[in-house]
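Descriptive structure summary
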Amino acid sequence: MRRIAYASPLNPAPSGISDYSEELLPYLGQYAEITPYVADGLKPANAELLRHMEVRPLGRLARDHRRRPYDAIVYHMGNSQENHAAIWAALQRTPGVVVLHELVLHHFMLGYAAVVQGDIERYRAEAARRYGPEGERVAGLMMRGRFIDAAFDLPFCEPVLDAAEGLIAHSRYVIDRAAALRPGLPSAHVPMGVPLPPAIPRDQARAQLGLPADALILASFGHINPFKRVDVALRAFKTLRAEREQAHYLLVGSVSPIYNVRAAVARAGLQDAVTVTGYVDRRAFEDYVAAADICLNLRHPTAGETSASLLRLLGAGKPTLVTASGSFAELPPGVAAQVDLDGSEGELILAYCRLLAARPDLAAAMGAAARAYVAHDHTLAAAAAGYMRFLAGRYDWGDTPRLRAEPLWELPKDAGSRRNGEKPAAARIVGEPRERSDMLHPSSYTLHPLAQALTELGATEDDRPLLEGAARALAELGL
């Protein structure tokens, strides 16, 4: 059996990559013996993971590898200095394959120099060496606390790519730009896997959260920072609110210390119409998603990240607006509404929200297509298989068949299952036969309301997998 060291944040480390790894690990464990490595002193909170795997401190990885070499070492790199400093230090000592969760690591490198190395001038010198006068200018501003957009044009991921023996990324956007920075580095585009969220009834979720049953509710999810386009979204929502007095906007997630979101809400005069929740646990997250009518997942500049929170929104069957840039531009037609980054941005947000509020058939079709897309293209099983194919090719392993028929452990029951005792939606979609729906027979493409709506969203007769998957998703969502 192949042995793989897996360096990543794990809960309770406050990172979306912690959730990502804990969902992926039981599927990777079908193929190999996986040993997770975490920052020294971190005590993982996942009892199932601890029961099936031996979690080791990153400070021991180099010695462990010398004593009994691993067949591969996988390092997860993101832009949080707090969660990835120990991983970066270990990668420099013992090279391996890097999973690059976002192209831009500029903010990480600034924090690493300041906090870990205790020498912030090293960051300025490296920025000047790599990017010339512009790098030195940007570094000087960043060192004074001015987190400017220009930093996103200087990715600072080159040191990580130079140390890597191979690269896995979740978008073509990252793969293509990394190839330009380090030509010849073996790489693979492996779509991110997420468990399909539960189909929680909207009214049930609103009652649980104390939200009005008949209001139009918009929501944004994930870490709230200056790059999530909240100010422009608030301006569009203010106009919408004037037309729909009961409309409400939820901002769900932790708030960056460099962005005063409550002040932004106050400037817009929307204190009574906007709720800032702060960080919420997974059950509350799923309830807020279920309660929303329309979701906004906007960001610019982009670090090139693939957003797990976006995939969870799409998987929940929510009509979602995304910024038409970075990896988000790779979404297929009909799965999300793309918002251009030009003078029309605010008008487009408002127009999409008006349209989706007035056309429940379009909203339902977009949500169903989104859920079908995640169920087909972003399964955990396929993600694990993609990892193993790349590692096998990179290290000449030959075939890497699954050694276990099932994942090492079951993921925690979702919120919907805990409440009503139903089997999780992911099990229904992935594990059971799929029946073809008569309403999607070619002769009915122009007749059935779902097909009509998907056609308006850009689907054609060539999109049979999307249409059939959307029909199943529509039934699951009870629409």
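Our subject in this report is the structure included herewith. (Residues numbered from 1 in each chain as written. Predicted model: local features only at pLDDT ≥ 70, side-chain atom pairs only at ≥ 80, totals over all residues. Heavy atoms only, no water.)

So, on to the sheet that holds strand S8 (residues 217-221). Pairing is parallel in the open sheet, where six strands are placed in the order S10-S9-S8-S11-S12-S13. Each end of this open sheet is capped by a strand with a single partner; those strands are strand S10 (274-278) and strand S13 (337-339). Put simply, the sheet's adjacent strands are angled 20 degrees from each other on average, direction ignored. When S8 meets strand S11 (residues 294-297), the two strands line up parallel, connected through two bridges. (Pairing = 2+ DSSP bridges. Helix = DSSP H or I, 4+ residues; strand = E, 2+ residues; numbered from the N terminus. Axes fitted to C-alpha atoms, helices over the stretch in contact; angles between N-to-C directions.)

Enumeration according to the criterion identifies 22 salt bridges in this entry. Linking Arg130 and Glu126 is a salt bridge whose minimum nitrogen-to-oxygen distance equals 2.7 Å. Note that Arg130 and Glu126 are positioned in helix H6 (residues 120-143) at a spacing of four residues, about one turn of the helix. Given the relative accessible area of 26%, Arg130 is considered partly exposed. For Glu126, a relative accessible area of 22% puts it in the partly exposed group. What emerges from the salt-bridge pattern is a single network uniting Asp19, Glu23, Arg282 and Arg312. (Salt bridge = Lys/Arg side-chain N within 4 Å of Asp/Glu carboxyl O. Buried < 20%, exposed > 50% of the residue type's maximum accessible area, 1.4 Å probe, protein only.)

Right, let's get into the packing of aromatic side chains. Taken as a whole, this structure holds eight aromatic pairs when the rule is applied. Note on Tyr37 and Tyr70: the rings are 6.0 Å apart at their centroids and 90 degrees apart in plane angle, and the pair reads as edge-to-face. Residue Tyr37 is found in strand S2 (residues 33-38), and its partner Tyr70 is found in the loop between helix H3 (61-67) and strand S4 (72-77); the two are separated by 33 residues along the sequence. For the pair shown, Tyr37 and Tyr70 are each scored as buried. Between Tyr131 and Phe156, the ring centres sit 5.7 Å apart and the planes meet at 85 degrees, which makes this aromatic pair edge-to-face. Note that Tyr131 is positioned in helix H6 and Phe156 in the loop between H6 and helix H7 (158-163), a separation of 25 residues in sequence. A relative accessible area of 18% means that Tyr131 is categorised as buried. Between Arg177 and the ring centre of Tyr173, over which it is positioned, the NZ or CZ distance is 3.8 Å. (Phe/Tyr/Trp six-rings, centres within 6.5 Å; stacked < 30°, edge-to-face > 60°. Lys NZ or Arg CZ within 6 Å of the ring centre and 35° of its normal.)

Okay, empty space enclosed by the protein next. Where empty space is left in the structure can be found by rolling a water-sized probe over the atoms. Under the counting rule described, the total for this entry stands at one cavity of 30 Å³ or more. Here the largest cavity is characterised by a volume of approximately 110 Å³. In terms of lining, the largest cavity is formed by 14 residues, of which the most central are Ser220, Phe221, Lys228, Leu296 and Leu298. Put simply, the parts of the chain that give the lining of the largest cavity at least two residues each are S8, strand S9 (248-252) and S11. It is S9 that contributes the most residues to the lining of the largest cavity, three residues altogether. (1 Å grid on protein atoms, 1.4 Å probe; cavity = no way out; pocket = protein on both sides within 12 Å on 5 of 7 lines; lining within 4 Å. Points joined across faces, edges and corners; volume = space filled by probe spheres on them.)

Quick look at the sheet that holds S2 now. Judged by pairing direction, the sheet is parallel, and its seven strands sit side by side in the order S3-S2-S1-S4-S5-S6-S7 without closing on themselves. Every interior strand has two partners, whereas the edge strands, strand S3 (56-57) and strand S7 (187-189), have only one. Bridge count between strand S6 (residues 166-169) and S7: three bridges; the pairing is parallel. Residue pairing across strands places Leu167 opposite Ser187, the latter belonging to S7.

Ranked by size, the top nonpolar core spans 49 residues in total, and within it Ile4, Leu314, Tyr387 and Leu391 carry the most contacts. Breaking this core down by element, the ones donating at least two residues are strand S1 (3-7), helix H1 (16-28), S2, S4, strand S5 (97-100), helix H13 (308-315), helix H15 (360-377) and helix H16 (380-394). Per-element accounting of this core gives the leading share, nine residues, to H16. Excluding anything up to four places from it in sequence, Tyr387 contacts Tyr20, Leu24, Leu28, Val74, His76, Val99, Ile168, His170 and Val190. Leu58, Ala85, Met142 and Leu161 belong to the second largest nonpolar core, which has 48 residues in total. (Core = buried A, V, L, I, M, F, W, Y, C linked by side-chain atoms within 4.5 Å. Contact = heavy atoms within 4.5 Å.)

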